[in-house]
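# Results of the structural survey
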Amino acid sequence: MTGEQTGKSGQAVYRGMDRPTLDAAYNNTEAVADSADHLARWNKDSALYRGAPKGYLDIEYGTGERNRIDIFPCADKAAPIFCFIHGGYWQRNSKEVFNFLAKGPNKAGMHFANIGYTLAPTAGLATIAGEIDTAIDHIAGMTGDTRLNPSKMIIGGWSAGAHLAVVASTNRHVSGVLAISGIYNLEPIALSYINDNLHLTTEEIETLSPSRHLPDTNASIALVYGAEELPELRRQSEEFATIAKDKGIKISVTGLKGHNHYTILDELADPQGSLTKA
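Each residue is numbered by its place in its chain's sequence as written, counting from 1. Totals for whole chains, interfaces and linings use all residues, but because this is a predicted model, local features are given only for residues with pLDDT of at least 70 and pairs of side-chain atoms are given and counted only at 80 or more. Hydrogens and waters are ignored; side-chain quantities use all the structure's heavy atoms.

## Observations regarding the nonpolar core
One broad trend across soluble globular proteins is that nonpolar side chains are buried collectively. The condition that has to hold: Joining through side-chain atoms within 4.5 Å is the link that ties buried Ala, Val, Leu, Ile, Met, Phe, Trp, Tyr and Cys residues into a set, and such a set is a nonpolar core. Categorising residues by exposure relies on relative accessible area from a 1.4 Å probe, with only protein chains included: less than 20% of the type maximum marks a residue as buried, more than 50% marks it as exposed, and the intermediate range marks it as partly exposed. Strands are runs of DSSP state E lasting at least two residues, helices are runs of H or I lasting at least four, and both sets are numbered from the N terminus onward. In this analysis, two residues are considered to be in contact whenever any of their non-hydrogen atoms come within 4.5 Å of each other.
Formed by 61 residues in total, the largest nonpolar core has its most connected members in Tyr26, Trp90, Ile155, Leu164, Val177, Leu186 and Ile189. For this core, the element with the most residues is helix 5 (residues 125-140), which contributes 7 residues. When residues no more than four places from it in sequence are discounted, the contact partners of isoleucine 155 are Phe82, Cys83, Ile136, Ala165, Ala168, Ser169, Val174, Gly176, Val177 and Leu178. Among the nonpolar cores identified, the runner-up in size contains 25 residues, and Val32, Phe100, Ile180 and Val224 belong to it.

Right under this line is the structure:
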């Protein structure tokens, strides 16, 4: 299956849903009425944080235009480092939108690294996943101006970034994963509007779906989603947690009351937020 099927209205393509219903089931922008306001706020807050003198911006880890990392260190050079991967279903947004999230980890005593990556359709998902692995290796081996010597590396991400974080959990440098509102089975993605630019292959659907191809990792994985998110997003996390637990992976899953796909990130930007603590 390549996921190129469109499906007529009324014709079931996935879990009893026709194509329009499936599209709506994964359209977070339409599901959250004030999603544009959240993005505007994130951009404003990130611009302020990005302008702070303590950050190391646009560190190159590859040859692609978006193969860049922003690092915002805390005071302790040996503190853990939290590496964040942004969302946008692998084809939207940029790391710059999410620099505001550094505030929470920084004030809680962690370095914050924000990873950029090539977007679809310029790159396929396998290429994007490979870039994240390269970025993690680069951060782990980084010396020079940043002068960081982190005691451990935790990776995390939101939405599509959560998927990439779980896939990258096999990297030897990773000790823990915080996956926020993620996608862990690519089959419905391949059958929805998201695939119009992503162009998933049959191999990518199988090998890059953590629910189908469990990561060979010793890292602890914490899955978190908003209790007010779309049902499919909630189901994806719960389903993956059940499958992974049965195979002995160290994993937990939590639904945060009162949060949707966008407000959940406030819990990471806040030094006392539940995601920062996690």
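There is more to say, and it comes next.
## Overview of the pattern of salt bridges
Test applied: Every case where a carboxyl oxygen of Asp or Glu lies within 4 Å of a side-chain nitrogen of Lys or Arg is listed as a salt bridge.
Overall, the coordinates contain 15 salt bridges when judged by the stated rule. The closest approach of N and O atoms between arginine 19 and aspartate 23, which form a salt bridge, is 2.8 Å. With arginine 19 and aspartate 23 both in helix 1 (residues 19-25), this residue pair falls 4 residues apart, about one helical turn. As far as burial versus exposure is concerned, arginine 19 and aspartate 23 are alike and both buried. One salt bridge connects arginine 41 with aspartate 266, and the closest N-O pair in it is separated by 3.3 Å. With arginine 41 in helix 3 (residues 35-50) and aspartate 266 in helix 11 (residues 266-269), this pair connects stretches of sequence that are 225 residues apart.

## What to know about the layout of surface pockets
The criterion, for reference: In this analysis a 1.4 Å probe is tested at points of a 1 Å grid over the protein atoms alone, and where it fits but cannot get out there is a cavity; an open set with protein on both sides within 12 Å along at least five of seven lines is a pocket; lining residues have an atom within 4 Å of a point. Grid points are joined across faces, edges and corners, and a volume is the space filled by probe spheres set on the points. Any residue that is not Ala, Val, Leu, Ile, Met, Phe, Trp, Tyr, Cys, Pro, Asp, Glu, Lys or Arg is counted as polar, Gly included; the first ten are nonpolar and the last four charged.
Of the voids in this model, the largest pocket is the one considered here, and its volume is about 250 Å³. For the largest pocket, the lining is made up of 16 residues, of which Ile154, Gly176, Leu178, Lys277 and Ala278 are closest to its centre. Sorting the residues of the lining of the largest pocket by element identifies strand 8 (174-180), strand 9 (220-226) and helix 12 (274-277) as the ones contributing at least two each. When residues in the lining of the largest pocket are grouped by element, the largest group, 4 residues, is from strand 8. Among the residues forming the lining of the largest pocket, the class breakdown is 10 nonpolar, 4 polar and 2 charged. Of the pockets and cavities examined, the second largest pocket occupies roughly 150 Å³. Around the second largest pocket, the lining comprises 13 residues; the ones closest to its centre are Thr29, Arg92, Asn93, Trp158 and Tyr262. Of the residues that constitute the lining of the second largest pocket, the class distribution is 6 nonpolar, 6 polar and 1 charged.

## Concerning the packing of aromatic side chains
In plain terms, the rule: Aromatic contacts are taken between Phe, Tyr and Trp rings whose centres are within 6.5 Å, Trp giving its six-membered ring; a plane angle under 30 degrees counts as stacked, one over 60 as edge-to-face, and the others as tilted.
Per the counting criterion, the structure on display carries 12 aromatic pairs. Ring centres of tyrosine 89 and tryptophan 90 lie 6.0 Å apart, and the angle between their planes is 35°; this geometry places the pair in the tilted category. The two residues tyrosine 89 and tryptophan 90 agree in class, both being buried. Connected via pairs of aromatic rings, a cluster forms that spans Trp42, Phe82, Phe84, Phe98, Phe100, Phe112, Trp158 and Tyr262.

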